[in-house]
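# Tertiary structure, described
Chain residues, written in single-letter form:
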Amino acid sequence: MATRLFNVTLATLLDDGYGLIEQAELQLQDGRIRYAGPQAEAPEFEPDESIDGAGKLVTPGLIDCHTHLVWAGNRAAEFEQRLHGASYADIAAQGGGIAATVRATRAVTQEQLVQATVPRLLALMNEGVTTVEIKSGYGLSLTDERKQLRAARQLAAQYPVDIVTTLLSAHALPPEFADDADGYIEHIVSDILPQLAAEGLVDAVDAFCENVGFTPAQTERVFAAAQALGKPVKLHAEQLSLQGGAALAARYQALSCDHLEYLDEAGVKAMAAAGTVAVLLPGAFYFLRETQLPPLELLRKHQVPLALATDANPGTSPILSLQLMLQMGATLFRMTPQECLRGVTINAAKALGLNDRGALQVGMRADICWWDCHDPSELTYQFGGQRLLGCWAAGIRR
């Protein structure tokens, strides 16, 4: 399918800002961008479809680079408990928290897990998301981590969206390894990771390095095993406390460090030197009513790329709107509209190690959003309403 969009405003994202080109044309062919530039300079082209864009905005397809989208069960009752004063520790002591989602996820089949996830995935796609990262971490056994990752692969085969899978077995302790974190880490590095990597289910490896998660030493064992298998790493880092996880991840050339509310300047410098992306997650910050802001000025000072994501999960960010993250990134974290849009396009692509998308450039994947607005700042300014006029994934209109 070959498509021509003319009379549009392009936000190419190719410079440090929006990379705007007015009175522009975009040509899509064989799943790639054939031309993106001034309409007056466009080469001759005979498309299957030609669309007058009415001067409206075209951006790259949106990228949600941090989600836990595949899960079973529901933790709305825990949300209500917290509103009545229960602490996370109280809920966990009653068998809630991640343990509740693990039980629910283990109890269903792969097909049931897929069907539970479909509405969440469609919610993201309906807002212009063309690439989604999905983590495991609610199985915590070889069988159930495999089930989560296979569900993600099945969704990618059934829907016009690209899905990147991340192994997050080092998310929490499963009941079989209660009080034996080192034993569980050994199980991950000796059994879960190598087996699922051999099955082609693992694109990257993540861990939860935190005072309520895994220590830096345990995290490093996971990273070393991933590195030996040629898998890139990323990290849930410095969300609730400063553990030095970001600096550790940077030593392993991590694609991204995510959350980062308690990140210090040493960690920022390490990320900058490694080219590691800072993925900020305002949904979790909002939902947990946190007060410690990520160090935005330090990240800017050291020119660390900034990305935004939903962190969609059942416990701490049950939010299925990447467009809302644009608004929250600006209002809660004081990011600029340019930083927000770059954070769900070109920098989100970097956070996934993908160099073939996130910008409007010849040769890149034809992942495109056509919006009912003229100024890209409107995508951050206003939340709600249907602004998406059209979306193409790998050149095919959805």
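Residues numbered from 1 in each chain as written. Predicted model: local features only at pLDDT ≥ 70, side-chain atom pairs only at ≥ 80, totals over all residues. Heavy atoms only, no water.

Named according to an unreviewed UniProt entry, the protein is Imidazolonepropionase originating from Pseudidiomarina taiwanensis. Quoted verbatim from the Pathway (unreviewed entry) field of UniProt, the annotation for the protein is "Amino-acid degradation; L-histidine degradation into L-glutamate; N-formimidoyl-L-glutamate from L-histidine: step 3/3." In the Function (unreviewed entry) part of its UniProt record, the protein is described as follows: "Catalyzes the hydrolytic cleavage of the carbon-nitrogen bond in imidazolone-5-propanoate to yield N-formimidoyl-L-glutamate. It is the third step in the universal histidine degradation pathway." (UniProt positions renumbered as here; feature names shortened; annotations may be inferred.)

## Let's talk about the packing of aromatic side chains
With the rule as written, the count across this model stands at five aromatic pairs. Ring centres of F79 and F287 lie 4.9 Å apart, and the angle between their planes is 25°; this geometry places the pair in the stacked category. Here F79 is found in helix 1 (residues 76-83), whereas its partner F287 is found in helix 10 (residues 282-287), with 208 residues between them in sequence. We classify F79 as partly exposed; its relative accessible area is 35%. (Phe/Tyr/Trp six-rings, centres within 6.5 Å; stacked < 30°, edge-to-face > 60°. Helix = DSSP H or I, 4+ residues; strand = E, 2+ residues; numbered from the N terminus. Buried < 20%, exposed > 50% of the residue type's maximum accessible area, 1.4 Å probe, protein only.)

## Notes on helix 6 (residues 181-198)
If you check helix 6, its first and last C-alpha atoms are 24 Å apart, about what 18 residues at 1.5 Å a residue would give, namely 26 Å. Summarising the contacts, the buried residues of helix 6 are in contact with helix 5 (142-158), strand 8 (162-170), strand 9 (204-207) and helix 7 (216-228). Backbone geometry just downstream of helix 6 places G200 in the positive-phi region, at approximately 75°. (Expected span 1.5 Å × (residues − 1). Contact = heavy atoms within 4.5 Å.)

## Digging into the pairing of strand 7 (residues 129-135)
Judged by how many residues are buried, strand 7 sits mostly within the fold: seven of seven residues are covered. By the bridge criterion, three bridges tie strand 6 (residues 62-64) to strand 7 in an arrangement that is parallel. If you follow I63 over to strand 7, its bridge partner there is T131. The pairing of strand 7 with strand 8 spans five bridges and is classified as parallel. Residue pairing for strand 8: T131 is matched across the bridge by D162. (Pairing = 2+ DSSP bridges.)

## Topic: the UniProt feature "binding site: Fe(3+)" (unreviewed entry) in the protein
The UniProt record marks H66, H68, H236 and D311 with the feature "binding site: Fe(3+)" (unreviewed entry), using the residue numbering of this structure. With the annotated positions falling across 246 residues, the maximum pairwise C-alpha distance of 12.2 Å places them together in a single cluster. Along the chain, the position of H236 falls in strand 10 (residues 234-237). Look at H236 and you get buried, because its relative accessible area is 5%. When sequence neighbours within four positions are dropped, the list of residues in contact with H236 reads H66, H68, K135, L168, D206, A207, F208, C209, D258 and H259. There is a polar contact of 3.1 Å between the side chain of H236 and the side chain of D206. Tracing the chain through its elements places D311 in the loop between strand 13 (306-308) and helix 12 (322-331). (Polar contact = N/O pair within 3.5 Å; in protein donor to acceptor, adjacent residues only side chain to side chain.)

## Comments concerning the pairing of strand 10
Side-chain alternation along strand 10 places K234 and H236 on one buried face and L235 and A237 on a second face that is also buried. Of the strand pairs in this sheet, strand 10 and strand 11 (residues 256-259) are connected by four bridges, and their pairing is parallel. Considered in strand 11, the bridge of A237 is made with H259. As a crossover connection, the stretch from strand 10 through helix 8 (residues 245-251) into strand 11 is right-handed. (Right-handed = clockwise from strand over helix to strand, strands pointing away.)

## Thoughts on the UniProt feature "binding site: N-formimidoyl-L-glutamate" (unreviewed entry) in the protein
The positions UniProt marks with the feature "binding site: N-formimidoyl-L-glutamate" (unreviewed entry) are Y138, N313 and G315. Spatial clustering of the annotated residues is evident: they stretch over 178 residues in sequence, but the largest pairwise C-alpha distance comes to 11.5 Å. Within the secondary structure layout, N313 lies in the loop between strand 13 and helix 12. The buried category is assigned to N313, whose relative accessible area is 4%.

## Let's talk about the environment of C369
Locating C369 in the fold gives a position in strand 14 (residues 368-371). Considered as a pair, C369 and L62 are 307 residues apart in the sequence and their alpha carbons are 7.7 Å apart. If sequence neighbours within four positions are ignored, C369 has contacts with L57, V58, T59, P60, G61, L62, G128, L388, G390 and C391.

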